[in-house]
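Summary of structural features
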Amino acid sequence: MLELLLWQFTAGLVLTGIHAWFGLHVLARGVVFVDLSLAQVAALGLTVAILAGHTVHSDAGYWYALAFAVGGAVLFALARPYEKSMQQEAVIGIVYAVSASLGVLALDRAPQGAEHIKQLLIGSILTVTPGEVGQLALLYAAIGAVHLVFRRPLMQVSFDPLLAGALRRRVFLWDVLFYGSFALVVTSSVRIAGVLLVFSYLIVPAALAGLFAARVRSQLLLAWALGAALTAAGLYASWTLDLPTGPAIVAAFGAATALLAVGFSIKTISIRRAAIAVSTVMLSAGLVLVALPRMDMPWLDALEDLAPALQTVFLDPGERATRREALEAIALARAELARLRALEQDVRWGAKVLEAEKLERLRQYLAGRGEISAGDQLVLRHLRQKARERQRYVLGLPLLLAGCAALYFLCRKERKT
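Below: a short report on this structure.

How each quantity is defined
- Residues numbered from 1 in each chain as written.
- Predicted model: local features only at pLDDT ≥ 70, side-chain atom pairs only at ≥ 80, totals over all residues.
- Heavy atoms only, no water.
- Helix = DSSP H or I, 4+ residues; strand = E, 2+ residues; numbered from the N terminus.
- Buried < 20%, exposed > 50% of the residue type's maximum accessible area, 1.4 Å probe, protein only.
- Areas by Shrake-Rupley, 256 points an atom, 1.4 Å probe, with all protein chains shown as cover.
- Expected span 1.5 Å × (residues − 1).
- Phe/Tyr/Trp six-rings, centres within 6.5 Å; stacked < 30°, edge-to-face > 60°.
- Core = buried A, V, L, I, M, F, W, Y, C linked by side-chain atoms within 4.5 Å.
- Contact = heavy atoms within 4.5 Å.
- Patch = residues over 30% accessible without salt bridge, like charges linked within 9 Å, V, L, I, M, F, W, Y side chains within 5 Å.
- Salt bridge = Lys/Arg side-chain N within 4 Å of Asp/Glu carboxyl O.
- Lys, Arg positive; Asp, Glu negative; His and termini not counted.
- Charge placed at Lys NZ, Arg CZ, Asp CG, Glu CD.
- Axes fitted to C-alpha atoms, helices over the stretch in contact; angles between N-to-C directions.
- Parallel < 35°, antiparallel > 145°, perpendicular 65-115°, else oblique.
- Left-handed = near helix turned anticlockwise from the far one by under 90°.

1. A word on the overall build of the protein
When its secondary structure is counted, the protein shows 15 helices and 0 strands. For the protein, with 417 residues in total, the buried portion stands at 38%. By element, 66% of the accessible surface of the protein is carried by carbon and sulfur atoms, the whole surface being about 23,600 Å².

2. Considerations on helix H10 (residues 216-241)
Across its 26 residues, H10 extends 36 Å between first and last C-alpha, which sits within 8% of the 38 Å expected from 1.5 Å per residue. Listed as buried for H10 are Gln219, Leu220, Ala223, Gly227, Ala228, Leu230, Thr231, Gly234, Leu235 and Ser238. Note on H10: the residue one or two positions beyond its end, aspartate 242, has a positive phi of about 55°.

3. Notes on the packing of aromatic side chains
One pass over the structure, following the stated rule, counts 7 aromatic pairs. Taking the centre distance of 5.4 Å and the plane angle of 75° together, the rings of tyrosine 62 and tryptophan 63 count as edge-to-face. A residue is classified by how much of its surface remains accessible, and tyrosine 62, at 13% relative accessible area, is buried. Ring centres 5.2 Å apart and planes at 75° place the aromatic pair phenylalanine 178 and tyrosine 179 in the edge-to-face group. Taken together, the ring pairs connect Phe22, Phe178, Tyr179 and Phe182 into an aromatic cluster.

4. Some thoughts on the nonpolar core
Judged by nonpolar contacts, the single largest core of 61 residues is most densely connected at Phe22 and Val34. Of all the elements in the fold, those that place two or more residues in this core are helix H1 (2-29), helix H2 (34-51), helix H3 (59-79), helix H4 (88-107), helix H6 (130-149), helix H9 (168-209), H10 and helix H11 (245-268). If one sorts the elements of this core by residue count, H9 sits on top with 20 residues. Residues in contact with valine 34, not counting those within four places in the same chain, are Val26, Phe76, Ile92, Tyr179 and Phe182.

5. A short note on a positive patch on the surface
Among the surface-exposed residues, Arg151, Arg152, Arg215 and Arg217 lie close enough to one another that they form a single positively charged patch. Among the structural elements, arginine 152 can be located in helix H7 (residues 151-159).

6. Points about the pattern of salt bridges
Side-chain pairing between opposite charges can occur once the charged atoms of the two side chains come close. All told, the structure shown has 4 salt bridges when counted by the stated rule. Taking the shortest distance from any N to any O, the salt bridge between arginine 390 and glutamate 319 comes out at 2.9 Å. One end of the pair, arginine 390, is in helix H15 (residues 356-416); the other, glutamate 319, is in helix H14 (residues 317-348), with 71 residues separating them in the sequence. The class for arginine 390 is partly exposed, based on a relative accessible area of 31%. For glutamate 319, a relative accessible area of 7% corresponds to the buried category. A network of salt bridges, in which partner residues are shared, links Glu319, Lys386 and Arg390.

7. As for the packing of H2 against H3
Running from N to C, H2 and H3 cross one another at 140°; their axes reach a closest spacing of 7 Å. Taken together, the axes of H2 and H3 are oblique relative to one another. Crossing geometry of H2 relative to H3 is assigned as right-handed. Every residue of H3 that contacts H2 at Val34, Ser37, Leu38, Val41, Ala42, Leu44, Gly45, Leu46, Val48 and Ala49 is listed here: Gly61, Tyr64, Ala65, Phe68, Ala69, Gly72, Ala73 and Phe76.

8. Comments concerning the environment of leucine 310
Looking at the secondary structure, you find leucine 310 in the loop between helix H13 (298-306) and H14. Spatially, the C-alpha atoms of leucine 310 and glutamine 391 are 10.0 Å apart, while their sequence positions differ by 81 residues. Sequence-distant contacts of leucine 310, that is, excluding residues within four places in its chain, are made with Leu303, Glu304 and Gln391.

Take a look at the structure:
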């Protein structure tokens, strides 16, 4: 695993190193979606290159994308002095919407347009090569050196809006440098990581670091650490669960954001508010189960997974036997499907040889077995709905009454207080 994903992890570290720095500036400027907008403008340039006959990963495609992205960067720099009349975030949204629409219209004329759109969104970080990682590292090191030399005026323009309003001419030049270098970074990153992953590297580590640190230096160090850890978590999930690498890393960033949001919410909530929230959840769950027993109940499904006895306690002996037979059939079908799919993969990759006619029969059989498994799943769903009809009185009513009683008690106590 380490040998296969070493360069993907290294690419993630390189992306984290530069994007975390730009992310702090973007958040300070209040232009959160500038990355998505510039990436979409770069994608529009790449689309024009495709229509001109160039491939996605060609040098010509890169320069097309960079030229369009730099044009968008200059537009954002020109629009900043007029923030009072039109907010810069509005300009960014307009540029994103227009460039995305033009890109879709252009790719509609290109062969395999849908595949190009998918590639621009999720990238191809799984196939990154050591040479590409080295080129990115050198480019981003050069950009980082420029920002290090001019760090004081760049930070003043980003983190001191009053100064930005007083020195418009100088600010315009620093804005051109900032957005121009940012466009170069986005164009280079999107080729490897895709639009969604680049946006995640830009915003998530910097935003999460802001929850724990106030100084820019501390935020940057923490953002680097978070980016590296979440990249490793996403790659591990991609490897173990057989998921697309880019979306898996984006999901890891999203999961970390959700966990921290829940953690900070729990930290600030009082015991009484927590009791009210729990009572409201109990009341709502009981009411839904009583009123709509055939509706999907994810919380009840999770409870039954934790306590398997609950899956059969509300079924009669005949229904339990039917359920047991359906589960056995599903287990056999899954084992057979796994074996046949492994055989199909071996044939596809050349490990085994199979005649074309037999291969087609194999695919048809796989589809047929999938339909049989779906039928067994339908039997289980029907039995579950019958159990829900009986659970509405045994579980739903007690939850509903307990939630109402708890809310009444809490509200009455609050009035007395």
